[in-house]
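Structural characterization, general
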Amino acid sequence: GAVVSQHPSWVICKSGTSVKIECRSLDFQATTMFWYRQFPKQSLMLMATSNEGSKATYEQGVEKDKFLINHASLTLSTLTVTSAHPEDSSFYICSASTGLITDTQYFGPGTRLTVL
Amino acid sequence: DAKTTQPPSMDCAEGRAANLPCNHSTISGNEYVYWYRQIHSQGPQYIIHGLKNNETNEMASLIITEDRKSSTLILPHATLRDTAVYYCIVRVADSGGYQKVTFGTGTKLQVIP
């Protein structure tokens, strides 16, 4: 299957700082990328969906000014957690798709964020 | 948007078939059913998907009921490496191309030697 990478795989930061997470599709053009958050022992929760070159569409309850998503190219999307607080500590996972509903969504390995 | 419900856990003997059910009773006609699995602290791995017909690939089979309100993922010969959390999800795109993905609660499958 296609390969999606995330960087960094884990990050520890101080409260109040901003953290950027990168998601790359390595061998296909990802028209659509998804960002999820997963708390321990829970399912994945969709945060936002972005189409390349367009503004991201955020799920209800997700603050777009806090979780900045940029999808400027067909192989790269970034999620920036601004002014991070301990409650933002979570496992963040991206996925990428060609954009067709029938095409598989490939997931990255995830990024573990810990805010002190 | 359709929601999915799954049993929280299941056991399966190694070498036997694992049948994982998923209820998606509010699914609409244009929503696809996808199955993924997740091994601890990793990204989900794609298994199979379908709309209304049964599907089979090298990993599994997907059986979708005629009314599409439920489906079953079948791992024909479970191995210890199949121990994971299995997620049934529904995926739809609106007329504007926006895709919505809803993850179920997941079933923790334990394959027993």
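We now turn to the structure provided with this report. (Residues numbered from 1 in each chain as written. Chains lettered and ligands numbered in written order. Predicted model: local features only at pLDDT ≥ 70, side-chain atom pairs only at ≥ 80, totals over all residues. Heavy atoms only, no water.)

1. Let's talk about the state of the cysteines
Enumeration according to the criterion identifies two disulfides over all chains in this entry. Each sulfur of the disulfide joining A:Cys23 and A:Cys94 lies 2.0 Å from the other. What sets the handedness of the A:Cys23 and A:Cys94 disulfide is the S-S torsion sign, and at about 75° it is right-handed. Of this pair, A:Cys23 sits in strand S3 (residues 19-25) while A:Cys94 sits in strand S9 (residues 90-97), placing them 71 residues apart in sequence. Per residue, the accessibility class of A:Cys23 equals that of A:Cys94, and both read buried. For B:Cys22, the disulfide goes to B:Cys88, at an S-S distance of 2.1 Å. Across the disulfide from B:Cys22 to B:Cys88, rotation about the S-S bond amounts to roughly -75°, and the bridge is consequently left-handed. Of this pair, B:Cys22 sits in strand S2 (residues 18-23) while B:Cys88 sits in strand S8 (residues 84-93), and the two are 66 residues apart along the sequence. With a relative accessible area of 2%, B:Cys22 lands in the buried category. (Disulfide = S-S within 2.5 Å. Helix = DSSP H or I, 4+ residues; strand = E, 2+ residues; numbered from the N terminus. Buried < 20%, exposed > 50% of the residue type's maximum accessible area, 1.4 Å probe, protein only.)

2. What to know about the pattern of salt bridges
Pairing between side chains of opposite charge can happen when the charged atoms of each approach one another. Inspection of every chain in the model, using the stated rule, returns three salt bridges over all chains. Across the pair A:Asp88 and A:Lys66 runs a salt bridge, and its minimum N-O distance is 2.9 Å. One end of the pair, A:Asp88, is in the loop between strand S8 (76-81) and S9; the other, A:Lys66, is in the loop between strand S6 (57-58) and strand S7 (67-73), with 22 residues separating them in the sequence. Neither residue differs from the other here; A:Asp88 and A:Lys66 are each classed as buried. Residue B:Asp82 is joined to B:Arg37 by a salt bridge in which the shortest nitrogen-to-oxygen separation is 2.7 Å. With B:Asp82 in the loop between strand S7 (70-75) and S8 and B:Arg37 in strand S3 (residues 32-38), this residue pair connects regions lying 45 residues apart in the sequence. (Salt bridge = Lys/Arg side-chain N within 4 Å of Asp/Glu carboxyl O.)

3. With respect to the sheet that holds S3(A)
Residues and elements named next belong to chain A. Strand order in the open sheet formed by four strands is S1-S3-S8-S7, with antiparallel pairing between adjacent strands. The sheet is open, and its two edges are formed by strand S1 (4-7) and S7, each paired on a single side. If you compare each strand with its neighbour and ignore which way they point, the axes differ by 15° on average. Where S7 lies against S8, five bridges are found, and the strand directions are antiparallel. Bridge pairing links Ser 73 to Leu 76 in S8. (Pairing = 2+ DSSP bridges. Axes fitted to C-alpha atoms, helices over the stretch in contact; angles between N-to-C directions.)

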